[in-house]
Amino acid sequence: MDFSLPEDLVAFRTEVRRFVDTELIPHEDYVEEHDGLPDDVKNDLKKKAVALGLNSMDMPEEVGGQGSGLLAQVLVTEELSRALPGVSSSVVPEASNILMACNRQQRERFLYPTVRGDKQDCFALTEPETGSDAAGIKTRAVKEADSWVINGRKRFISHGDSADFAIVFAVTDPESETDRITAFLVEKGTPGFSIGQLHKTMGHRGYRQAELVFDDCRVPDGNILGEVGKGFDLARDWLRNGRIMTAARCLGPMARLIDEALEWSKQRVQFGEPIGNYQAIQLMLADCAMDLYAARMMTYNVAWDTDQGSDFRVLNGKASAVKVFASEALGRVADRVLQIFGGTGYMNEVFVERAYRNARIERIWEGTSEINRLVLARNMLKLGMFT
Ligand SMILES: Cc1cc2nc3c(=O)[nH]c(=O)nc-3n(C[C@H](O)[C@H](O)[C@H](O)COP(=O)(O)OP(=O)(O)OC[C@H]3O[C@@H](n4cnc5c(N)ncnc54)[C@H](O)[C@@H]3O)c2cc1C
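Conventions used here
- Residues numbered from 1 in each chain as written.
- Predicted model: local features only at pLDDT ≥ 70, side-chain atom pairs only at ≥ 80, totals over all residues.
- Heavy atoms only, no water.
- UniProt positions renumbered as here; feature names shortened; annotations may be inferred.
- Helix = DSSP H or I, 4+ residues; strand = E, 2+ residues; numbered from the N terminus.
- Near = heavy atom within 4 Å.
- Polar contact = N/O pair within 3.5 Å; in protein donor to acceptor, adjacent residues only side chain to side chain.
- Areas by Shrake-Rupley, 256 points an atom, 1.4 Å probe, with all protein chains shown as cover.
- Nonpolar A, V, L, I, M, F, W, Y, C, P; charged D, E, K, R; others polar.
- Domains from an automatic or database assignment.
- Phe/Tyr/Trp six-rings, centres within 6.5 Å; stacked < 30°, edge-to-face > 60°.
- Buried < 20%, exposed > 50% of the residue type's maximum accessible area, 1.4 Å probe, protein only.
- Lys NZ or Arg CZ within 6 Å of the ring centre and 35° of its normal.
- Salt bridge = Lys/Arg side-chain N within 4 Å of Asp/Glu carboxyl O.
- Contact = heavy atoms within 4.5 Å.
- Buried area = accessible area lost by both parts, 1.4 Å probe.
- Pairing = 2+ DSSP bridges.
- Expected span 1.5 Å × (residues − 1).
- Arc of directions from axis to C-beta.
- Core = buried A, V, L, I, M, F, W, Y, C linked by side-chain atoms within 4.5 Å.

Per an unreviewed UniProt entry, the recorded name for the protein chain is Acyl-CoA dehydrogenase, and the organism is Actinomadura physcomitrii. Under Pathway (unreviewed entry), UniProt gives the following word-for-word description of the protein chain: "Amino-acid degradation; L-valine degradation." Taken verbatim from the UniProt record of the protein chain, the Sequence similarities (unreviewed entry) comment is "Belongs to the acyl-CoA dehydrogenase family."

Structure follows, in structure tokens:
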């Protein structure tokens with residue numbers, strides 16, 4: 001059993017860490033205050049991120065991505081996520097990998113510019129009445145001659161207000177059990193497509209969510225992504241890696257929280273002693289270390305397994321397991337570290353307070369903890385416990 005990481009990956013990780021420390025973290029206060037970066041700063045950082053090879057790591061090289069394996073993506077994401085997501089997500093271009101289903105014409109308009117970071121997409125599945133039960137969406141697309149008329153409402157859509165186009169899931173055949181839903185590419189400015197409410201959220205300043213409204217929005221046949229009726233299959237394929245990457249995004253904040261807790265425990269003096277001398281604090285530090293260690297090993301393992309081409313049915317179970325474990329571990333770590341910081345941890349100017357608020361969403365998106373537990377349990381009942 002060889003757990004060593006390839007040398008080139010370790011070297012790249014060091015470079016990414018330097019980028020995060022020198023280029024991203026210094027902008028956190030601004031993003032926290034202004035809910036985003038100024039355009040000139042964002043564009044400058046985006047160029048640097050692309051030059052470093054951080055854009056669309058999961059996309060094949062022939063479409064302009066980095067063609068990296070999942071373990072490489074996990075290691076880089078762990079480093080990037082040490083910075084607040086409102087900074088990193090706005091400067092590191094990432095195309096939804098479902099865009100690989102673009103046909104030749106669509107690739108020029110949607111895929112290549114998004115992979116390069118010249119365009120931004122958003123993934124519009126969730127609706128007011130359907131979240132976890134995503135197959136139950138109500139947004140409807142009806143065929144009229146050689147176009148489709150979309151009506152409905154999406155909500156909680158990340159980058160919904162800033163995206164150049166949306167990948168929109170709509171029901172095209174309500175009678176069909178298997179081929180009900182189709183994915184459409186809908187560009188900003190298409191008549192009948194507008195941005196509704198901008199959601200005010202608990203955390204993730206600079207990473208905004210919006211409502212998307214479709215009111216007799218007409219798109220041509222050429223804007224169908226993949227095949228008619230197969231939209232949900234595309235979305236499902238996208239889910240597994242999304243769950244593993246969510247786990248990876250929990251590792252960075254956990255590691256930074258623990259670093260800060262160690263530093264604080266050594267320098268904060270109460271009753272004449274650094275608080276790190278007290279066993280109550282030591283127990284919390286030890287629990288944090290165990291959470292990070294376990295979450296990291298699980299996440300690296302499933303990423304490595306994916307790169308080995310293991311059975312995707314087993315990987316589905318593992319992806320749910322790591323997503324739940326890492327997101328809940330992050331919640332526990334953030335809570336303990338805030339406690340170690342005392343009142344200082346409750347103040348908005350410290351990373352701990354921001355990380356505590358940001359952590360909460362990780363248990364909700366990419367399948368809630370409950371849904372992922374159900375996926376895992378059903379997987380186990382069918383295939384047994386994975387090794
Ligand atoms: C910040 C943020 C960003 C998001 N970004 C996007 C995006 O870009 N694109 C997009 O399409 N969506 C996005 N979402 C939506 C997200 O995927 C959903 O919020 C998530 O899937 C949960 O759906 P819901 O909020 O409707 O909760 P619900 O599905 O209503 O669930 C409510 C509660 O019921 C539980 N529950 C539901 N069904 C079951 C069951 N069968 N058994 C046991 N418990 C159950 C859930 O676990 C949860 O605790 C985002 C959400 C947020 C908050």
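Below, the discussion takes up unusual backbone geometry. Of note in this structure, His-159 is not a glycine but carries a positive phi near 65°. Mapped onto the fold, His-159 is located in the loop between strand S3 (147-158) and strand S4 (165-171). Positive phi outside glycine occurs at His-204, with the angle close to 55°. Within the secondary structure, His-204 is located in the loop between strand S6 (193-198) and strand S7 (209-220).

Looking now at the site of the ligand. With respect to spatial proximity, 16 residues lie near the ligand, and among them Phe-123, Thr-126, Ser-132, Thr-368 and Glu-370 are the closest. Interatomic distance of 2.7 Å between a side-chain N/O atom of Thr-368 and an oxygen atom of the ligand. For the ligand, whose free accessible area comes to 970 Å², the fraction covered by protein is 62%. Along the lines of polarity and charge, the residues of the shell around the ligand split into nine nonpolar, six polar and one charged. There are two domains that each give the shell around the ligand at least three residues, and those are domain 2 (121-225) and domain 3 (233-383).

Under the defined criterion, the tally for this structure stands at six aromatic pairs. Note on Phe-110 and Phe-165: the rings are 4.8 Å apart at their centroids and 65° apart in plane angle, and the pair reads as edge-to-face. In this pair, Phe-110 sits in helix H6 (residues 104-116) while Phe-165 sits in strand S4, placing the two residues 55 residues apart along the sequence. The two residues Phe-110 and Phe-165 agree in class, both being buried. Arg-256 extends its terminal NZ or CZ atom over the ring of Phe-351, reaching a point 3.8 Å from the ring centre. A cation over a ring is seen here: Arg-332 above Phe-325, with NZ or CZ 5.5 Å from the ring centre.

Here the focus is the pattern of salt bridges. Counted according to the given criterion, the structure contains 25 salt bridges. Its salt-bridge partner being Arg-82, residue Asp-21 comes within 3.3 Å of it at the nearest N-O pair. Of this pair, Asp-21 sits in helix H1 (residues 7-24) while Arg-82 sits in the loop between helix H4 (70-80) and helix H5 (85-91), and the two are 61 residues apart along the sequence. Owing to a relative accessible area of 34%, Asp-21 belongs among the partly exposed residues under this scheme. Residue Arg-357 pairs with Glu-32 through a salt bridge whose shortest N-O separation is 2.7 Å. With a gap of 325 residues between them, Arg-357 in helix H10 (residues 351-359) and Glu-32 in helix H2 (residues 28-34) connect regions that are remote in the sequence. Residue Glu-32 is classed as buried on the basis of its relative accessible area of 12%. Ionic contacts of the salt-bridge type, sharing partners, join the residues Arg-17, Asp-21, Glu-79 and Arg-82 into one network.

What follows concerns the domain arrangement of the protein chain. We note that the domain assignment places domain 1 (7-102), domain 2 (121-225) and domain 3 (233-383) within the protein chain. Using C-alpha coordinates to define each centre, domain 1 is positioned 26 Å away from domain 2. Tallying the contact residues gives 14 residues for domain 1 and 13 residues for domain 2. Buried surface at the junction of domain 1 and domain 2, both sides included, amounts to about 1100 Å², of which 64% is carbon and sulfur.

Turning next to the environment of Ser-132. With respect to the secondary-structure elements, Ser-132 resides in the loop between strand S1 (121-124) and strand S2 (140-144). Residue classification places Ser-132 among the exposed residues on the basis of a relative accessible area of 52%. If we ignore the near neighbours within four places in the chain, the residues touching Ser-132 are Thr-368 and Ile-371.

The subject of this paragraph is the pairing of S4. In terms of residue burial, S4 counts as a mostly covered element, since seven of its seven residues are buried. Burial along S4 is two-sided: Phe-165, Ile-167, Phe-169 and Val-171 and Ala-166, Val-168 and Ala-170, pointing in opposite directions, are all buried. Here S1 pairs with S4 via four bridges, running parallel. In the strand pairing of S4, Phe-123 is matched with Ile-167.

UniProt records the feature "domain: Acyl-CoA oxidase/dehydrogenase middle" (unreviewed entry) for residues 122-217 in the present numbering. The annotated region residues 122-217 carries 0% helix and 51% strand content, and the separation between its end C-alpha atoms amounts to 17 Å.

Time to look at H1. For H1, built from 18 residues, the straight-helix expectation of 26 Å at 1.5 Å per residue is met to within 8% by its first-to-last C-alpha distance of 25 Å. Of all the residues in H1, the buried ones are Leu-9, Phe-12, Val-16, Phe-19, Val-20 and Leu-24. Within H1, the buried residues cover an arc of 100° as seen down the axis, which keeps them to one side. Exposed and oriented more than 90 degrees from the buried face of H1 are Glu-7 and Arg-18. Where H1 is buried, its residues meet H2, helix H3 (39-52), H4 and H5.

Ranked by size, the top nonpolar core spans 63 residues in total, and within it Leu-24, Leu-54, Leu-80, Met-254, Leu-257, Val-337 and Ile-340 carry the most contacts. Two domains each put at least three residues into this core: domain 1 (7-102) and domain 3 (233-383). In this structure, Leu-99, Ile-181, Phe-232 and Ala-235 belong to the second largest nonpolar core, which totals 25 residues.

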